[in-house]
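Secondary and tertiary structure notes
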Amino acid sequence: MTAGDGYVNYQLRELYKNRIIGSIFTDPENPDDFIAGYVAAMGSRTILIESVSPYGYHDGWFAARLNAVMEAQYDAAYAERLELLLSIHGEERPAAGMTDLEDHVASLLRLASEHNRCVTAWTATETYTGFVRSVNDLYVTLTPVDFMGERCQDITFRIADLELVAFGSEEEILYEQLDDYHHRGQH
């Protein structure tokens, strides 16, 4: 089922309207894998998700194309648990600042470029983690990093080919720290 099927789109709108934590499924290879969080914004083709880790901490942002969302669910007990953990940890909901934008994928890429932050970008077949070197209305050039955080050769994508982008999660922060280490020459 895709967002265009109506039911998924309805579920996403309900999560957005009610400002409740939902489970957003986007990976056909791993049907049990999902993004937990708030649907912070919804456009005609993309959504912006404020991610929440399983341990009750804010875990960055995800921007997804609606056609990449396979399922959206609300589990009241799981949502209540995450809300309680957020409260225990003193985690306040961050302000998205991008709620009125139409293409949340491009918006996260621009934000990463402006602040020299790492992103993870998914196409239909591949996943890339790295730094946004440049971005315009049609294309993004990414400087990927390898497992150890070393920069690799730039790759350019059509923004329309990116299904999902993550920004500010623990994984991207880890790669930012590795990149910082390598560029300070602390070998």
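Observations concerning the side chain of serine 51
Along the polypeptide, serine 51 turns up in strand β3 (residues 46-52). Apart from residues lying up to four places away in sequence, serine 51 is in contact with Ile35, Ala36, Gly37, Tyr57, His58, Asp59, Gly60 and Phe62.

As for the environment of glycine 130
With respect to the element layout, glycine 130 can be found in strand β7 (residues 127-135). In this structure, glycine 130 is in contact with Arg117, Cys118, Val119, Leu142, Thr143, Pro144 and Val145, ignoring residues within four places of it in sequence.

With respect to the pairing of strand β6 (residues 118-122)
Of all the 5 residues making up β6, 4 are buried; the element is thus mostly covered by neighbouring parts of the structure. Inspection of the sheet shows β6 paired to β7 by 5 bridges, in the antiparallel sense. Residue pairing for β7: cysteine 118 is matched across the bridge by phenylalanine 131. The loop that links β6 with its antiparallel partner β7 comprises 4 residues. One ladder, built from 4 bridges, connects β6 with strand β10 (residues 164-167); its direction is antiparallel. Along β10, the bridge assignment pairs threonine 120 with alanine 166.

Considerations on the sheet that holds strand β9 (residues 155-158)
Read across the open sheet, the 10 strands follow the order β5-β1-β2-β3-β4-β10-β6-β7-β8-β9; overall the sheet is antiparallel. Looking at the sheet topology across the chains shown, the edges are occupied by β5 (71-73) and β9. Sheet twist, expressed as the average angle between the axes of neighbouring strands with direction ignored, equals 40°. Note: strand β4 (residues 58-65) against β10, 4 bridges, orientation antiparallel. When the sheet's bridge partners are listed, alanine 63 is paired in β10 with valine 165. Sitting on the sheet, helix α1 (residues 7-18) is in contact with β1 (21-25), β2 (35-42), β3 and β5, with an inclination near 85° to β2.

Quick look at helix α4 (residues 170-183)
The α-helix advances 3.6 residues per turn, and as a result positions three or four apart in sequence lie on the same side. Compared with an ideal rise of 1.5 Å per residue, which puts 14 residues at 20 Å, α4 spans 20 Å between its outermost C-alpha atoms and is within 8% of the ideal. Looking only at α4, the buried set comprises Glu172, Tyr175, Glu176, Asp179 and His182. All buried residues of α4 project into a common sector of 125° when viewed along the axis, lining one side. Opposite the buried face of α4, by more than 90 degrees, sit the exposed residues Glu170 and Gln177. Tucked into the core, α4 has its buried residues touching β6, β7 and β10.

Looking at the nonpolar core
Note on soluble globular proteins: their nonpolar side chains tend to be buried together. Formed by 20 residues in total, the largest nonpolar core has its most connected members in Leu109, Val119, Leu162 and Val165. Of all the secondary structure elements, the ones that give two or more residues to this core are β2, β4, α3 (104-114), β6, β8 (139-144) and β10. Among the elements that take part in this core, α3 stands out by supplying 5 residues, more than any other. Discounting residues that sit within four places of it in the chain, valine 165 has contacts with Trp61, Phe62, Ala63, Val105, Leu108, Leu109, Val119, Thr120, Ala121 and Trp122.

Here we look at the pattern of salt bridges
Within this structure, the stated rule accounts for 7 salt bridges. Between arginine 117 and glutamate 176 there is a salt bridge, with its nearest N and O atoms 2.8 Å apart. Of this pair, arginine 117 sits in the loop between α3 and β6 while glutamate 176 sits in helix α4, placing them 59 residues apart in sequence. Here glutamate 176 falls in the buried class, since its relative accessible area comes to 15%.

Rules behind the numbers
- Residues numbered from 1 in each chain as written.
- Predicted model: local features only at pLDDT ≥ 70, side-chain atom pairs only at ≥ 80, totals over all residues.
- Heavy atoms only, no water.
- Helix = DSSP H or I, 4+ residues; strand = E, 2+ residues; numbered from the N terminus.
- Contact = heavy atoms within 4.5 Å.
- Buried < 20%, exposed > 50% of the residue type's maximum accessible area, 1.4 Å probe, protein only.
- Pairing = 2+ DSSP bridges.
- Axes fitted to C-alpha atoms, helices over the stretch in contact; angles between N-to-C directions.
- Expected span 1.5 Å × (residues − 1).
- Arc of directions from axis to C-beta.
- Core = buried A, V, L, I, M, F, W, Y, C linked by side-chain atoms within 4.5 Å.
- Salt bridge = Lys/Arg side-chain N within 4 Å of Asp/Glu carboxyl O.

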